[in-house]
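# Fold and geometry: a report
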Amino acid sequence: MEASSFFSTLKPAYTYRPSLLLPPSLNLSHLKRHGCAALSSASTVPASRIACETDSAMKPVDEDSFSLMAVSPLDGRYVQFVKELRPYFSEYGLIYYRVLVEVKWLIKLSEIPEIKEVPSFNKETLSFLENIIRDFDLNDALEVKKIERVTNHDVKAVEYFLKQKCKNSPEISKVLEFFHFACTSEDINNLAYALMLKESMNNVIFPFMTNLIKSLCNMAKDNAHVPMLSRTHGQPASPTTLGKEMANSAFRLHYQTKCLSEVRIFGKVAGAVGNYNAHKSAYPELSWPVIAQEFVQSLGLQFNPFVTQIEPHDYMAKLFHNIVEFNNILADFDKDVWSYISLGYFKQITKEGEIGSSTMPHKVNPIDFENSEGNSFLANAILSALSMKLPISRMQRDLTDSTVLRNLGVGLGHSLLAYKSALRGINKLQVNEPRLAEDLEQTWEVLAEPIQTVMRRYNIPEPYEKLKELTRGRAVNKESIQSFVQNLDLPQEPKSYLSNLTPHSYVGEAENLAKSIDEALGSLDGFKII
């Protein structure tokens, strides 16, 4: 597959780039396969090939072979379904955001008059620095990794990379030591991860969540009038409509999406233990908390003034808990649709050439909903672990969060895979109205509820007990129900209503509720973390 077509699907994610906060398009045909130490650029290798260095020999490997060697299924079997997240959560993405933060911090220092050692940069210098961010590509990332093999420190490698990149700039060459000035690695990392999360949520996760909700709203409205037998405890219960059940899931998912959009993503740049010790030693006259707040907010993040060496990740725990709940609701929907398919309420559109079972030729399995359910739970296991671990750090900092943070994309990747699978399954569904009607026709006992309720209104003694005697554990049909109604001492109007009532028409306000789902939810566009 040509990298140009591979990334054409990603370009919409890069249309919103204030302050160059999003990574540029990149060529993933240069991803590392196992054993690779260096990768060549798109200018020297065909876009559909991957170059890897084993000792001194360069061997091209196609992308399919790379996927076959991947340890994680997200980078192997499912790579085409989660590719939108790769510019954010790959090693490339992390390096890119670190470069962005380092460059922006140097620019911020140049804007502070009291720091005379870093004079205000002219337009050409600012353009040069911004171009480092805008033009950052895989070759740059590879150079950082090359430096890291010497330093054995990933953030320091970024600093050295920028010093190399800027050594010939007339203005920047004089202030190279102000890259990473007064910063601990976590000043850079916490902001990089914050930007990764914010931009990936706004540009990838929210749009797919919204598409899911919209699909369910459309199903709700299209099937608002289609009566369906409810089941509580797996047993026949008061009828609903198919559309109303879709509206239930849409409303629940919408609420969680709204909660997610209200999460605020925090950042810090307060030094080794959160007290600006190094900053204050170099420039004691400056108000570094104010400078830090201005810088963090300039990146589009919320400022956390009370931190240790790390930003404590409490916002991540809240964010992931909300995603877990969204995924739980989706898994609940997946299970329900799976059950409706097994009951014959839905048929599935078949695709030429697909096979449902290796031994049973007739099978058309609900694999998309099963895939969605499975990935929802796998995502939740990872996100729950992140939520529980990340807010905990010994004293002013331990390193346990470092390795854990590298799995943010894994949790969101399985979530994205679940959303896409559910959407794919929804698009294959066909409502089987005759089968729905058949179930209703066989369960006249569900009318025991309205009959005993009307009897209560007109003060007929022991209404519940009489209907229990008629229906519980007994075969009930239209004739037995209508015979019972005709023998009731009721006014003509309620008696006529009950005589004409059927399991198909006993749906209460279900149809109207389903039709009102758009009004209940309001706008479905524009969900984003600000």
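Let me sum up the structure you'll find in this document.

Calculation notes
Residues numbered from 1 in each chain as written. Predicted model: local features only at pLDDT ≥ 70, side-chain atom pairs only at ≥ 80, totals over all residues. Heavy atoms only, no water. Helix = DSSP H or I, 4+ residues; strand = E, 2+ residues; numbered from the N terminus. Buried < 20%, exposed > 50% of the residue type's maximum accessible area, 1.4 Å probe, protein only. Contact = heavy atoms within 4.5 Å. Areas by Shrake-Rupley, 256 points an atom, 1.4 Å probe, with all protein chains shown as cover. Salt bridge = Lys/Arg side-chain N within 4 Å of Asp/Glu carboxyl O. Phe/Tyr/Trp six-rings, centres within 6.5 Å; stacked < 30°, edge-to-face > 60°. Core = buried A, V, L, I, M, F, W, Y, C linked by side-chain atoms within 4.5 Å. Expected span 1.5 Å × (residues − 1). Arc of directions from axis to C-beta. Pairing = 2+ DSSP bridges. Polar contact = N/O pair within 3.5 Å; in protein donor to acceptor, adjacent residues only side chain to side chain. Axes fitted to C-alpha atoms, helices over the stretch in contact; angles between N-to-C directions. Parallel < 35°, antiparallel > 145°, perpendicular 65-115°, else oblique. Left-handed = near helix turned anticlockwise from the far one by under 90°. Nonpolar A, V, L, I, M, F, W, Y, C, P; charged D, E, K, R; others polar. 1 Å grid on protein atoms, 1.4 Å probe; cavity = no way out; pocket = protein on both sides within 12 Å on 5 of 7 lines; lining within 4 Å. Points joined across faces, edges and corners; volume = space filled by probe spheres on them.

### Concerning the overall build of the chain
Along its length, the chain carries 22 helices and eight strands. Burial analysis of the chain (530 residues in total) assigns 53% to the buried set. Contacts in the chain between residues at least 24 apart in sequence constitute 76% of all its contacts with a sequence separation of at least 6. Split by element, the accessible area of the chain, about 24800 Å² in all, is 52% carbon and sulfur.

### Considerations on the pattern of salt bridges
Pairs can form between side chains of opposite charge once their charged atoms are near each other. What the rule picks out here adds up to 28 salt bridges. For E84, the salt bridge identified is with K420, shortest N-O distance 2.8 Å. In this pair, E84 is assigned in the loop between α2 (63-68) and α3 (86-89) and K420 in helix α15 (residues 408-426), connecting sequence segments 336 residues apart. The two residues E84 and K420 agree in class, both being buried. Between R406 and E91 there is a salt bridge; the shortest N-O distance is 2.8 Å. With R406 in the loop between α14 (400-405) and α15 and E91 in helix α4 (residues 91-110), this residue pair connects regions lying 315 residues apart in the sequence. Looking at R406, the relative accessible area reads 36%, which means it is partly exposed. You can call E91 partly exposed: its relative accessible area is 28%. Overlapping salt bridges bring together E91, R98, K145, E148, D154 and R406 as one network.

### Structural notes on the packing of aromatic side chains
Summed over all chains, the structure comprises 13 aromatic pairs. An aromatic cluster is defined as three or more aromatic residues linked by ring pairs; in this entry it consists of W105, F178, F181, Y283, W288 and F295.

### Some thoughts on the nonpolar core
Counting residues in hydrophobic clusters, the biggest one holds 129 residues, and the most contacted among them are L129, L197, W288, F320, L408 and Y419. Counting residues per element, this core draws most heavily on helix α8 (residues 185-222), which supplies 20 residues. What L408 contacts, discounting residues up to four positions off in sequence, is F89, Y193, L197, M316, F320, L386 and L390. Counting 17 residues, the second-largest nonpolar core is a separate cluster that includes I451, I460, L467 and L488.

### Let's talk about helix α5 (residues 123-134)
Spanning 12 residues, α5 covers 16 Å between terminal C-alpha atoms, matching the ideal 16 Å at 1.5 Å per step. Of the residues making up α5, those classed as buried are T125, L129, I132 and I133. Viewed along the axis of α5, the buried residues span an arc of 100 degrees, placing them on a single side of the element. Exposed side chains of α5 directed beyond 90 degrees from the buried face belong to K123 and E124.

### Some remarks on the pairing of strand β4 (residues 235-241)
Here strand β3 (residues 227-232) pairs with β4 via five bridges, running antiparallel. Residue pairing for β4: P227 is matched across the bridge by T241. The hairpin formed by β3 and β4 contains two residues between the paired strands, and H233 there has a positive phi angle of roughly 55 degrees.

### Some remarks on helix α19 (residues 478-486)
The complete set of buried residues in α19 reads I481, F484 and V485. Projected onto a plane normal to the axis of α19, the buried residues spread over an arc of 100 degrees and lie on a single side. The secondary structure elements touched by the buried residues of α19 are α17 (448-457), α18 (463-471) and α20 (492-500). Here α19 starts with a cap whose side-chain oxygen sits 3.1 Å from the backbone nitrogen of E479, and that cap is N477.

### Topic: the packing of helix α13 (residues 367-389) against α15
Where α13 meets α15, the axes come as close as 8 Å, and the angle between the chain directions of the two elements is 160 degrees. The angle between α13 and α15 places the two elements in the roughly antiparallel class. You can see that α13 and α15 cross each other, and the crossing is left-handed. Its residues placed into classes, the contact of α13 with α15 shows 13 nonpolar, nine polar and two charged.

### Observations concerning the environment of L412
With respect to the secondary-structure elements, L412 resides in helix α15. In this structure the C-alpha to C-alpha distance between L412 and V82, which are 330 residues apart in sequence, comes to 9.1 Å. Here L412 is in contact with L85, F89, L197, S200, M201, I205, I323 and L383, once residues within four sequence places are set aside.

### Structural notes on the packing of α4 against helix α7 (residues 154-166)
Running from N to C, α4 and α7 cross one another at 60 degrees; their axes reach a closest spacing of 10 Å. Considered as vectors, α4 and α7 are oriented oblique to each other. As for the relative orientation of α4 and α7, their crossing is right-handed in sense. Touching I95, R98, V99, E102 and V103 of α4 are D154, V155, V158, F161 and L162, all from α7. Along the lines of polarity and charge, the residues of the contact of α4 with α7 split into seven nonpolar, no polar and three charged.

### Comments concerning the layout of surface pockets
There is about 510 Å³ of room inside the second largest pocket. Taken together, 15 residues form the lining of the second largest pocket, with E445, A448, E449, Y464 and T471 sitting closest to its centre. For the lining of the second largest pocket, the elements supplying multiple residues, two or more each, are β4, α17 and α18. Each residue belonging to the lining of the second largest pocket can be placed in one class, and the counts come to six nonpolar, five polar and four charged.

### Points about the environment of S372
Tracing the backbone through its elements, the reader meets S372 in helix α13. By relative accessible area, which is 0% here, S372 ends up buried. Sequence-wise, S372 and A418 are 46 residues apart; in three dimensions their C-alpha atoms are separated by 3.9 Å. Dropping the residues within four chain positions of it, S372 is found in contact with L330, D334, A418, S421 and A422. Here D334 takes part through its side chain, which lies 2.7 Å from a polar atom of the side chain of S372.

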